[in-house]
Amino acid sequence: MSRDGAKPFLEMKNIHKSFGKIVAVDGVNITACYGEVVGLIGDNGAGKSTLIKILAGIEKADKGEIYLAGKKVKIHSPRHAQMLGIETLFQDQALVNCMDVARNVFMGREPTGLLRFLKLKEMKEESAVILKSMGLSIGSVDMDVGLLSGGERQGVAIARALHFQASLLTMDEPTIALSVAGVQRVVEYVKELRGRGITVIFVTHNLYHVFPVADKFIIMKRGRVVREIKKEDVSLDQLADLIVSG
Amino acid sequence: MNLSCLRLRKVIRYRAFGIFAVLVGLLLVFYFVTPEKRFFDPRAIRTILTRASEYGIIAIGITFLMISRELDISVGSVFTLCSLLFAFLYLKLGWDPIFALLCTLAVGAMMGSLNGLVSLKFGIPSIITTLGTMYLWRGAALVAGRGQPIYYRGANPFGFIFTARLGGFLPMGFVWFIVLTIFFEIILHYHRFGNRVRASGGNTKAAREMGINTDRTKLICFALVGLLVAFASIIESTRIGEGSGRLGIGYEFYAIAATVIGGTSLFGGIGTVIGTFLGAIILEMIRTGLAVMGVSGWWFNVFIGTIIIVVMVLNVFIMKRVRR
């Protein structure tokens, strides 16, 4: 797959999604180029998380088309999304607290040998390598994820996305409830992802977290895209005004 | 946090360690308090092992189910129905015992699956679904059997495999309990299915987001419970020589108690089969110990209820300490 920054990698065209009478997404169009970090911002109830769930295969759009690298796709399930190279960082990181780091990194995609017995040694070694490459020093991949700090948990979740060679990473409120240090770490991770040519959709309603790292911003309100603007064309204050004024 | 400290904590956190300590403690208590050390009479020990295995095998399935964050309280009724079914197929219809066994296991698995399908498809808490099926299956057993047991009258369909005593002492039912414990403990910790059971119960939402079909995983656990119940019912009914509506009464209580005492969390994600194995033995040790001491059997339920609460509080306390 070529990593041409100018070409769109992700295109979502005319996406509609309703839950009963509630219209969550109303004719949304989004493009994201290779290696681009898109800040998808807006207030609560804007439809951002629903869009992410559609990309993650958890929800299905009522109408609209999705293209990855120019090819039209229909995302049936979370497993299908993963197979297409879409990894999602959910708000709660999608980690199981009572399981260790290695098992969490490989959750749902466990390497197995004869009769589907786990290749535990391989899981532990690979987890340790990937965490080390991200500069995360957890101590042991045998440690239960529930014992980690918020930033470390986020690191494990990102490590999972990196290991499975995502082409597109969607992050739904990745900095929520993190300490200042944790937020900084997430921002550094996103920069690293961009450096690797991975397209990132960064969903948040906290402008201070996304502004330093995004290449462009897409503002949503009540299920619609109200504005798309490049970072060099806007300041942080102007961005906040745009969100409020709609 | 250095690694040796982490490892020690891991051992302590391995819940079976705590349960084993309780078992050893109980042995010491009964050694000193039972008159003439009657607790250690071979017949008393054999009774403990036999009884523990009868609902302990069921408790293995309950362990998987509870780890996946579900529950089945109909197991006692399924046990009753399966004991009657096997006796009917083998003795009344004259079926080959292997065929009758396979059919009974299949029916048990189907009954478990029905619990799972109703709970998962309609979003009904499994405790409520199985409360209904508990009465359904027990009623069906009474209707089908007309309240009458089916006696084996000396027939022994499987010979030594279920009814013999190894070395003249160890009941085969307990041997099966050991074998199944080891097998399912390995599955739980080293097999992909066991991993997904823990994920499905530890954080169902996260497991789904990671592509795990949690409904299918839980459904298999429900079916497994039914299968193990059927198997246990055949062992017990062939051992005592009858298929009967009086078998299995209260087994849901003992199986769940053994699972909880063994350290499995009602909130999902945490548990070991070895812990359940020890939990079943502890339960029977208490029952037998009280009987040998001449204490009224009614006190057994009082003790069990108290122990369940104490064990659960202790587990929470230990886990909080480890996390600091």
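First things first, this report covers the structure right here in the doc.

What counts and what doesn't
- Residues numbered from 1 in each chain as written.
- Chains lettered and ligands numbered in written order.
- Predicted model: local features only at pLDDT ≥ 70, side-chain atom pairs only at ≥ 80, totals over all residues.
- Helix = DSSP H or I, 4+ residues; strand = E, 2+ residues; numbered from the N terminus.
- Buried ≥ 20, exposed ≤ 12 C-beta atoms within 10 Å, placed from the backbone.
- Contact = placed C-beta atoms within 7 Å.
- Axes fitted to C-alpha atoms, helices over the stretch in contact; angles between N-to-C directions.
- Parallel < 35°, antiparallel > 145°, perpendicular 65-115°, else oblique.
- Left-handed = near helix turned anticlockwise from the far one by under 90°.
- Nonpolar A, V, L, I, M, F, W, Y, C, P; charged D, E, K, R; others polar.
- Pairing = 2+ DSSP bridges.

**Some words on the overall build of chain B**
Phase 1: When its secondary structure is counted, chain B shows 14 helices and four strands.
Phase 2: Residues counted as buried form 51% of the 324 residues belonging to chain B.
Phase 3: Looking at chain B alone, contacts between residues at least 24 apart form 78% of all its contacts between residues at least 6 apart.

**Thoughts on the packing of helix H3 (residues 42–67) of chain B against helix H8 (residues 172–190) of chain B**
What describes two packed helices is the angle between their axes and the distance between those same axes.
Residue and element names in this part refer to chain B.
Phase 1: Contact geometry for H3 and H8: axes closest at 8 Å, N-to-C directions at 30 degrees. Comparing the axis directions of H3 and H8 gives the class roughly parallel. As for the relative orientation of H3 and H8, their crossing is left-handed in sense. Residue-level inspection shows Leu49, Thr50, Ser53, Glu54, Gly56, Ile57 and Ile60 of H3 in contact with H8, the latter providing Gly173, Phe174, Trp176, Phe177, Leu180, Thr181 and Phe184.
Phase 2: Looking at the contact of H3 with H8 residue by residue, the class counts come to eight nonpolar, five polar and one charged.

**Some points on the sheet that holds strand S10 (residues 224–230) of chain A**
All names here are of chain A.
Phase 1: With respect to topology, six strands assemble into an open sheet ordered S6-S7-S8-S3-S9-S10, the strand pairing being mixed. The strands lining the two open edges of the sheet, one partner per strand, are strand S6 (86–89) and S10. Across the sheet, the mean angle separating the axes of adjacent strands is 20 degrees when strand polarity is ignored.
Phase 2: With five bridges connecting them, strand S7 (residues 168–172) and strand S8 (residues 199–204) associate as parallel partners. Pairing of Met171 across the sheet is with Phe202, part of S8.

**With respect to the packing of helix H4 (residues 120–133) of chain A against helix H5 (residues 150–163) of chain A**
Residue and element names in this part refer to chain A.
Phase 1: Direction vectors running N to C along H4 and H5 enclose 105 degrees, while the axes themselves pass 10 Å from each other. Classified by the angle between their axes, H4 and H5 sit roughly perpendicular to one another. Of H5, the residues touching H4 (which contributes Glu126, Ile130 and Leu131) are Ala159, Leu162 and His163.

**Describing the pairing of strand S9 (residues 216–221) of chain A**
All names here are of chain A.
Phase 1: Here strand S3 (residues 37–41) pairs with S9 via four bridges, running parallel. From the neighbouring strand, Gly39 faces S9, where its bridge partner is Phe217.
Phase 2: Pairing of S9 with S10, which is carried by six bridges, proceeds in the antiparallel orientation. When the bridges of S10 are listed, Lys216 appears paired with Lys230.
Phase 3: Hairpin connection, S9 to S10: the antiparallel pair is bridged by two residues, and Arg222 has positive phi, about 50 degrees.

**Comments concerning the interface of chain A and chain B**
Phase 1: Opposite the 29 residues of chain A that make contact, chain B presents 22 residues.
Phase 2: At three residues, helix H2 (residues 78–83) of chain A tops the list of elements feeding residues into the side of chain A that touches chain B.

**A look at helix H12 (residues 251–261) of chain B**
Residue and element names in this part refer to chain B.
Phase 1: Counting buried positions over the eleven residues of H12 gives ten, a clear majority of the element.
Phase 2: Buried within H12 are the following residues: Tyr251, Glu252, Tyr254, Ala255, Ile256, Ala257, Ala258, Thr259, Val260 and Ile261.
Phase 3: Positive phi appears at Gly263, one or two residues downstream of H12, with a value of about 100 degrees.

**A closer look at the pairing of strand S4 (residues 63–68) of chain A**
Put simply, side chains in a regular strand alternate between the two faces of the sheet.
Residues and elements named next belong to chain A.
Phase 1: Where strand S1 (residues 8–19) lies against S4, five bridges are found, and the strand directions are antiparallel. Pairing of Met12 across the sheet is with Ile66, part of S4.
Phase 2: Across three bridges, S4 lies against strand S5 (residues 71–73) in antiparallel orientation. From the neighbouring strand, Tyr67 faces S5, where its bridge partner is Lys72.
Phase 3: Counting the residues in the hairpin turn of S4 and S5 gives two residues, including Ala69, whose phi is positive at 50 degrees.

**Remarks on the environment of B:Val197**
All names here are of chain B.
Phase 1: For Val197, the location among the structural elements is in helix H9 (residues 192–202).
Phase 2: Taking the C-alpha atoms as reference points, Val197 and Ala280, 83 residues apart in sequence, are found 22 Å from one another.
Phase 3: Excluding residues within four positions of it along the chain, Val197 makes contact with Phe64, Ile67, Ser68, Leu188, Thr217 and Cys221.

**Some remarks on unusual backbone geometry**
Peptide bonds are, in most cases, trans, and in most cases residues other than glycine have a negative phi.
Phase 1: Despite not being glycine, A:Asn14 shows a phi value in the positive range, around 55 degrees.
Phase 2: According to the C-beta neighbour criterion, A:Asn14 is exposed, with 12 such atoms within 10 Å.

**Description of the sheet that holds S1(A)**
All names here are of chain A.
Phase 1: Ordered in space as S2-S1-S4-S5, the four strands form an open sheet in which the pairing is antiparallel. Two strands bound the open sheet, and with one partner strand each, they are strand S2 (22–33) and S5. Strand-to-strand twist in this sheet, taken as the mean axis angle between neighbours without regard to direction, amounts to 25 degrees.

These values are about where atoms sit, not about what they do.
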